[in-house]
Amino acid sequence: MTELAPQELRVLVAVAEAGGFSAAAHRLGITQSAVSHSVRGSEAKVGAVLFDRGRAGASPTPAGERAVALGRRILRLYEVLGAEARAAGRAAAGPGTAEGVLRIAAFRSAALHLLPPALERLAARHPGIRPEIRVVRELGPGTAGEVAAGRADLAIATLSGPASRPLPGPPSGLPDGLPDGLLSGELTREAYSLVHPAGHPDPKGLPLLDWDENCGSYTRDWWRAQDWIPRATVKAEDDAMVLTMVGRGLGMAILPELSLREATDAVEIAGLGPQGPVRRVGYVTTPELASTLAVRALIRELRAERG
């Protein structure tokens, strides 16, 4: 198979993101026929149809989705190549610092409470790094999916499974319910707690409040085994909304520690005991970006937050 050139990869990514050949041509500043010719050439090289064409535009086939995701990741390496080489050159003369854009995906409570102190230290040590942070809901592919798709360099993600093994040092590469080929490392473990309106005489008799991204299958299994936990009668958009509704006396909830850092005196928090569920939170990156200076520097600061 003939390899795809960087410009061919840019065309594939543009078509996927713009949703059609004409819109991709406008984005790239080339003609629509040039886009069509490039896509046909790429499909011939890889031996698969990459886009379904229709009157409404173009959408990636499964082969196209994979090609676009890998294309983004390859193009990202072209982008970081210069910054990495310059930093290596400076390091030869003394301690070097990382520079350039660092794309981060995180779920809401991690973006609020885990990232800021780590980024503050990162800015002090590496002022040339420019973080770009996107808050992504932990549904479907979630934050790790942003890394797999090439839209983020590093994600703060919920890792699947119980917290049964030691906290790892370097990226583990262990199966954490992540897309194939990604590396992960655990950062912290959050115990879930019962939160209810302050002073309520019978908190377990209240309706249960929940939100879609609250926890994974392991925690849901624990929930189902508890006969005192009713089915959720109210679903909210996110954990902050759940916490506000609990404070208003509308129900009880079971929330992880990061979500409870915003708790006010309107609620009370009770532990669920040593057998209660624990959420594992970690970072996720790709093998090719794990060794870059900026990603390594951020992982270092995130681990420092763990102490």
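Just above sits the structure.
I will try to describe carefully the structure that is included in this document. Quick caveat: nothing in here was measured; it's all calculated off a predicted structure. (Residues numbered from 1 in each chain as written. Predicted model: local features only at pLDDT ≥ 70, side-chain atom pairs only at ≥ 80, totals over all residues. Heavy atoms only, no water.)

1. Here's the deal with the overall build of the protein chain
Argument step 1. A tally of helices and strands in the protein chain yields 11 helices and 11 strands.
Argument step 2. Taking the intrachain contacts of the protein chain between residues at least 6 apart in sequence as the baseline, contacts between residues at least 24 apart amount to 72%.
Argument step 3. For the protein chain, the accessible surface area stands at approximately 15,000 Å², while carbon and sulfur atoms represent 55% of it. (Helix = DSSP H or I, 4+ residues; strand = E, 2+ residues; numbered from the N terminus. Contact = heavy atoms within 4.5 Å. Areas by Shrake-Rupley, 256 points an atom, 1.4 Å probe, with all protein chains shown as cover.)

2. Remarks on a nonpolar patch on the surface
Argument step 1. A cluster of nonpolar side chains, Leu 70, Ile 74 and Tyr 78, forms an exposed patch at the surface whose accessible area comes to about 270 Å².
Argument step 2. As for its position among the elements, Leu 70 is in helix 4 (residues 62–93).
Argument step 3. With a relative accessible area of 34%, Leu 70 lands in the partly exposed category. (Patch = residues over 30% accessible without salt bridge, like charges linked within 9 Å, V, L, I, M, F, W, Y side chains within 5 Å. Salt bridge = Lys/Arg side-chain N within 4 Å of Asp/Glu carboxyl O. Buried < 20%, exposed > 50% of the residue type's maximum accessible area, 1.4 Å probe, protein only.)

3. Thoughts on helix 6 (residues 115–125)
Argument step 1. Inspection of helix 6 places Leu 115, Ala 118, Leu 119 and Leu 122 among the buried residues, and these make up the whole buried set. Along the long axis of helix 6, the arc covered by the buried residues comes to 95°, so they all point the same way. Those residues of helix 6 that are exposed and aimed more than 90 degrees away from the buried face are Glu 120 and Ala 124. (Arc of directions from axis to C-beta.)

4. Overview of the pairing of strand 9 (residues 253–256)
Argument step 1. Residue alternation in strand 9 divides its side chains into two sets, Ala 253 and Leu 255 and Ile 254 and Pro 256, and both sets are buried.
Argument step 2. When strand 6 (residues 183–197) meets strand 9, the two strands line up antiparallel, connected through four bridges. Paired with Ser 193 across the strands is Leu 255, a residue of strand 9. (Pairing = 2+ DSSP bridges.)

5. Some remarks on the environment of Pro 127
Argument step 1. Position of Pro 127 among the secondary structure elements: in the loop between helix 6 and strand 4 (128–135).
Argument step 2. When the C-alpha atoms of Pro 127 and Thr 97 are compared, they prove to be 8.1 Å apart, with 30 residues separating the residues in sequence.

6. Remarks on the pairing of strand 1 (residues 51–54)
Argument step 1. Judged from the four bridges that link them, strand 1 and strand 2 (residues 57–60) form a sheet pairing that is antiparallel. Each bridged residue has a counterpart across the sheet, and for Asp 52 the counterpart in strand 2 is Ser 59.
Argument step 2. Hairpin connection of strand 1 to strand 2: two residues between the antiparallel strands.

7. Describing the nonpolar core
Argument step 1. Within the largest apolar cluster, 26 residues are counted, with the highest numbers of intra-cluster contacts made by Leu 102, Leu 115, Leu 122, Leu 154, Ile 156, Leu 298 and Leu 302.
Argument step 2. Contributing elements (two or more residues each) for this core: strand 3 (99–106), helix 5 (108–113), helix 6, strand 5 (154–159), strand 11 (278–285) and helix 11 (293–306).
Argument step 3. Per-element tally for this core: the top contributor is helix 11, with six residues.
Argument step 4. Contact partners of Leu 115, with chain neighbours within four places excluded, come to Ile 104, Ala 106, Ala 110, Ile 133, Ile 156 and Leu 302.
Argument step 5. Counting 16 residues, the second largest nonpolar core, distinct from the first, contains Leu 12, Val 13, Ala 24 and Val 35. (Core = buried A, V, L, I, M, F, W, Y, C linked by side-chain atoms within 4.5 Å.)

8. Here we look at the packing of aromatic side chains
Argument step 1. For the structure on display, the rule yields one aromatic pair.
Argument step 2. Their ring planes at 90° and their centres at 6.4 Å tell us that Phe 21 and Phe 51 sit as a pair that is edge-to-face. Of this pair, Phe 21 sits in helix 2 (residues 21–28) while Phe 51 is found in strand 1, placing the two residues 30 residues apart along the sequence. The exposure classification of Phe 21 matches that of Phe 51, with both residues buried. (Phe/Tyr/Trp six-rings, centres within 6.5 Å; stacked < 30°, edge-to-face > 60°.)

9. Some words on the pattern of salt bridges
Argument step 1. Applying the stated criterion across every chain, the model contains 20 salt bridges.
Argument step 2. Of the charged contacts, one joins Arg 72 and Glu 17 as a salt bridge, the two residues approaching to 3.0 Å between their closest N and O atoms. Of the two residues, Arg 72 is situated in helix 4 and Glu 17 in helix 1 (residues 6–18); the sequence distance between them amounts to 55 residues.
Argument step 3. We classify Glu 17 as partly exposed; its relative accessible area is 41%.
Argument step 4. We note a salt bridge from Arg 261 to Glu 257, for which the minimum N-O separation is 3.0 Å.
Argument step 5. Residue class for Arg 261 comes out partly exposed when judged on its relative accessible area of 43%.
Argument step 6. Given the relative accessible area of 34%, Glu 257 is considered partly exposed.
Argument step 7. Among the ionic contacts, a cluster of salt bridges with common partners joins Arg 76, Glu 79, Arg 103 and Asp 153.

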